[in-house]
Amino acid sequence: MYSMHEITEKLGMTVYTVRHYTDSGLVPDVKRDKNGNRIFDDEVLNWLKAAQFLRGCGLTVREVRHYFDLCLEGPATVKERYQILQEAQKHNAQELAALKQRQEIVTDRINHYQKILAGKTADDSNPQDWDPKRFC
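A quick note: this is a predicted structure, and the numbers were derived from the prediction, not measured.

Colleague: Tell me what's going on with the overall build of the protein chain, and back it up with residues and numbers.
Modeller: Helix and strand content of the protein chain: 6 helices and 2 strands. In the protein chain, the order of α-helices and β-strands from amino to carboxyl end is α-α-β-β-α-α-α-α. At 23 Å, the protein chain has a C-alpha radius of gyration far larger than the 14 Å of a compact globule built from 136 residues. For the protein chain, the C-alpha atoms occupy an extent of roughly 70 × 40 × 20 Å along the three principal directions. A total of 136 residues make up the protein chain; the buried ones form 27% of that total. The long-range share in the protein chain, meaning contacts at least 24 apart out of those at least 6 apart in sequence, stands at 45%. Surface exposure of the protein chain reaches about 9800 Å², of which carbon and sulfur atoms provide 51%.

Dropping the structure here:
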């Protein structure tokens, strides 16, 4: 059994997030002690890890709940769960491409600043001087 503090430490989540996920029905069968405090075991930890992962993939809490409901329904829902993960994969690929583009722009800006600092070019680093085609 884990305390709220231990769960938040293990997952790097805030207490608020853990409470939100459990209160939103993402975690089935969350038990409580005699004082009403949530009781966390390894199964609950796994549901929370999965929720954290799927949220990180871009799914909303509602979409994660739907995915989990499908999981609980069993093998008849495998195809729909597969499709949900395919959509998440597409979303992540788009985000990765955007991140790569931003990284290229930052690298370009750093290289430009190095030239400015070395006195090889004038300081034209203010956004008003940036080429809008490069940053859109």
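So, next bit.
Colleague: Residue-level account of the packing of helix H2 (residues 15-23) against helix H3 (residues 42-56), with values.
Modeller: Following both chains from N to C, one finds H2 and H3 inclined at 100 degrees, their axes separated by 11 Å at the closest point. Judged on the interaxial angle alone, H3 and H2 are roughly perpendicular. Here H2 contributes Val 18, Tyr 21 and Thr 22 to the contact with H3, which in turn contributes Leu 48, Ala 51, Gln 52 and Arg 55. Classifying every residue of the contact of H2 with H3 gives 4 nonpolar, 2 polar and 1 charged.

Colleague: Before we move on, could you go through helix H5 (residues 78-117) and cite the residues and values that matter?
Modeller: Along its 40 residues, H5 runs 57 Å from first to last C-alpha, staying within 8% of the 58 Å computed at 1.5 Å per residue. Within the span of H5, buried status applies to Arg 81, Ile 84, Ala 88, Ile 105, Arg 109, His 112 and Ile 116. Following H5 by one or two positions, Gly 119 has its phi on the positive side, about 75 degrees.

Colleague: Which residues make up the packing of helix H1 (residues 4-11) against H2, and what values do they have?
Modeller: Close contact between H1 and H2 brings their axes to 9 Å; oriented N to C, the two are set at 100 degrees. Relative to H2, the element H1 lies roughly perpendicular. Across the interface between the two elements, Met 4, Ile 7 and Thr 8 from H1 touch Val 15, Val 18 and Arg 19 from H2. Considering only residue class, the contact of H1 with H2 consists of 4 nonpolar, 1 polar and 1 charged.

Colleague: Residues and numbers for the environment of Leu 85, please.
Modeller: By the secondary structure assignment, Leu 85 is in helix H5. Judged by relative accessible area, Leu 85 falls into the partly exposed class, the value being 36%.

Colleague: Explain the side chain of Arg 38 to me, using residue names and the numbers behind them.
Modeller: Along the chain, Arg 38 turns up in strand E2 (residues 38-39). Assessed through its relative accessible area of 15%, Arg 38 is described here as buried. Only 2.8 Å separates the side chain of Arg 38 from the side chain of Thr 22, close enough to count as a polar contact. There is a polar contact of 2.8 Å between the side chain of Arg 38 and the side chain of Asp 23. Excluding its chain neighbours within four sequence positions, the residues that come into contact with Arg 38 are Met 4, Arg 19, Thr 22, Asp 23, Val 30, Lys 31 and Arg 32.

Rules used throughout
Counting starts from 1 at the beginning of each chain's written sequence and moves along it residue by residue. Per-residue local features are limited, in this predicted model, to residues with pLDDT of at least 70; the limit for side-chain atom pairs, both in listing and counting, is 80 or more; totals at the level of whole chains, interfaces and linings are taken over all residues. With hydrogens and water stripped out, all remaining heavy atoms of the structure feed into the side-chain values. Helix numbering and strand numbering both begin at the N terminus, where a helix is a DSSP run of H or I of at least 4 residues and a strand a DSSP run of E of at least 2. For this measure, only C-alpha atoms enter the radius of gyration; the expected value for a globule follows 2.2 Å times N^0.38, where N is the number of residues. Relative accessible area decides the class of each residue, using a 1.4 Å probe on protein chains only: under 20% of the type maximum gives buried, over 50% gives exposed, and in between gives partly exposed. For this analysis, residues touch if any pair of their heavy atoms sits within 4.5 Å. Areas reported here follow the Shrake-Rupley algorithm with a probe of radius 1.4 Å; residue values treat only the protein chains shown as occluding. Under this scheme, a helix contributes an axis fitted over its contacting stretch, all axes are lines through C-alpha atoms, and angles between N-to-C directions fall in the 0 to 180 degree range. The cut-offs work like this: below 35 degrees is roughly parallel, past 145 is roughly antiparallel, 65 to 115 is roughly perpendicular, and the gaps in between are oblique. For this classification, the nonpolar set comprises Ala, Val, Leu, Ile, Met, Phe, Trp, Tyr, Cys and Pro, the charged set comprises Asp, Glu, Lys and Arg, and every other residue, Gly included, is treated as polar. Multiplying 1.5 Å by the helix residue count minus one yields the expected span of that helix. Two N or O atoms count as a polar contact when they lie within 3.5 Å, although within protein this holds only if one can serve as hydrogen donor and the other as acceptor, and sequence-adjacent residues are included solely when both atoms are side-chain atoms.

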